[in-house]
Amino acid sequence: MEHQEDEQQQLNIELTEEMAEGQYANLAIITHSNAEFVVDFVNVMPGLPKAKVKSRIILTPQHAKRFMKAMVDNIKKYESVHGTIQDQEPVSLPMNFGGPTAQA
């Protein structure tokens, strides 16, 4: 019986109907500790003084870096087809973040 080291196992990823609908976010708040990166995705509505975190993703530093590289790669691919994404003016919102801070 031969054993091949090169053989990759296939990963089946399940996407539920509810998760497939997604959550809209127009603000990401990123905090980190020595052990993790925490990304809170927020939907800020114009004129409303309160916004809720729609999703929180916690990543190891290694996965955060891989995610950053994947985002850069995908943005380059997008821009090669659709043109340069124009940066908007920086958003300066006075924020009172009522959640726990990212401390390990």
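Thresholds applied
- Residues numbered from 1 in each chain as written.
- Predicted model: local features only at pLDDT ≥ 70, side-chain atom pairs only at ≥ 80, totals over all residues.
- Heavy atoms only, no water.
- Pairing = 2+ DSSP bridges.
- Helix = DSSP H or I, 4+ residues; strand = E, 2+ residues; numbered from the N terminus.
- Axes fitted to C-alpha atoms, helices over the stretch in contact; angles between N-to-C directions.
- Buried < 20%, exposed > 50% of the residue type's maximum accessible area, 1.4 Å probe, protein only.
- Contact = heavy atoms within 4.5 Å.
- pLDDT = per-residue confidence, 0-100.
- Expected span 1.5 Å × (residues − 1).
- Polar contact = N/O pair within 3.5 Å; in protein donor to acceptor, adjacent residues only side chain to side chain.
- Salt bridge = Lys/Arg side-chain N within 4 Å of Asp/Glu carboxyl O.

Things to note about the sheet that holds strand β2 (residues 37-42)
Thought 1: Strands sit in the order β1-β2-β3 across an open sheet of three strands; the sheet is antiparallel. Two strands in the sheet have a free side with no partner beyond their single neighbour: β1 (27-32) and β3 (53-59). Between one strand and the next, the sheet's axes are offset by a mean angle of 15°, whatever the strand orientation.
Thought 2: Bridge count between β1 and β2: six bridges; the pairing is antiparallel. Residue L27 lies in a different strand from β2, and its bridge partner there is V42.

With respect to the side chain of N43
Thought 1: If you trace the backbone, N43 turns up in the loop between β2 and β3.
Thought 2: Note on N43: relative accessible area 18%, which makes it buried.
Thought 3: Ignoring sequence-local partners within four residues, the contact set of N43 consists of Y24, A25, N26, A51, K52 and K54.

With respect to the confidence of the model for the chain
Thought 1: Residues of the chain with pLDDT of at least 70 account for 78%, and the chain-wide mean is 86.
Thought 2: For the chain, the element scoring lowest by mean pLDDT is helix α1 (residues 17-20), at 93; helix α2 (residues 61-82) scores highest, at 98.

Re α2
Thought 1: Look at α2: 31 Å from first C-alpha to last across 22 residues, which is about the 32 Å you get at 1.5 Å a residue.
Thought 2: Of the residues one or two after α2, G83 is the one with positive phi, at around 90°.

Topic: the side chain of S33
Thought 1: Looking at where S33 falls in the secondary structure, it is placed in the loop between β1 and β2.
Thought 2: With relative accessibility at 12%, the residue S33 sits in the buried group.
Thought 3: At 3.2 Å, the side chain of S33 forms a polar contact with the backbone nitrogen of A35.

As for the pattern of salt bridges
Thought 1: Per the counting criterion, the structure on display carries two salt bridges.
Thought 2: Salt-bridge contacts for D40 lead to R56; the nearest nitrogen and oxygen are separated by 2.6 Å. One end of the pair, D40, is in strand β2; the other, R56, is in strand β3, and 16 residues separate them in sequence.
Thought 3: For D40, a relative accessible area of 1% corresponds to the buried category.
Thought 4: Look at R56 and you get partly exposed, because its relative accessible area is 36%.
Thought 5: Between D73 and K77 there is a salt bridge, with its nearest N and O atoms 3.1 Å apart. Here D73 pairs with K77, and both are found in helix α2, just four residues apart, close to one helical turn.

Describing the environment of I57
Thought 1: Relative to the elements of secondary structure, I57 occurs in strand β3.
Thought 2: For I57, a relative accessible area of 37% translates into the label partly exposed.
Thought 3: Along the backbone, I57 and F37 are 20 residues apart, and their C-alpha atoms lie at a distance of 8.2 Å.
Thought 4: Every residue in contact with I57, bar those within four places of it in the chain, is listed here: F37, V38, V39 and F41.

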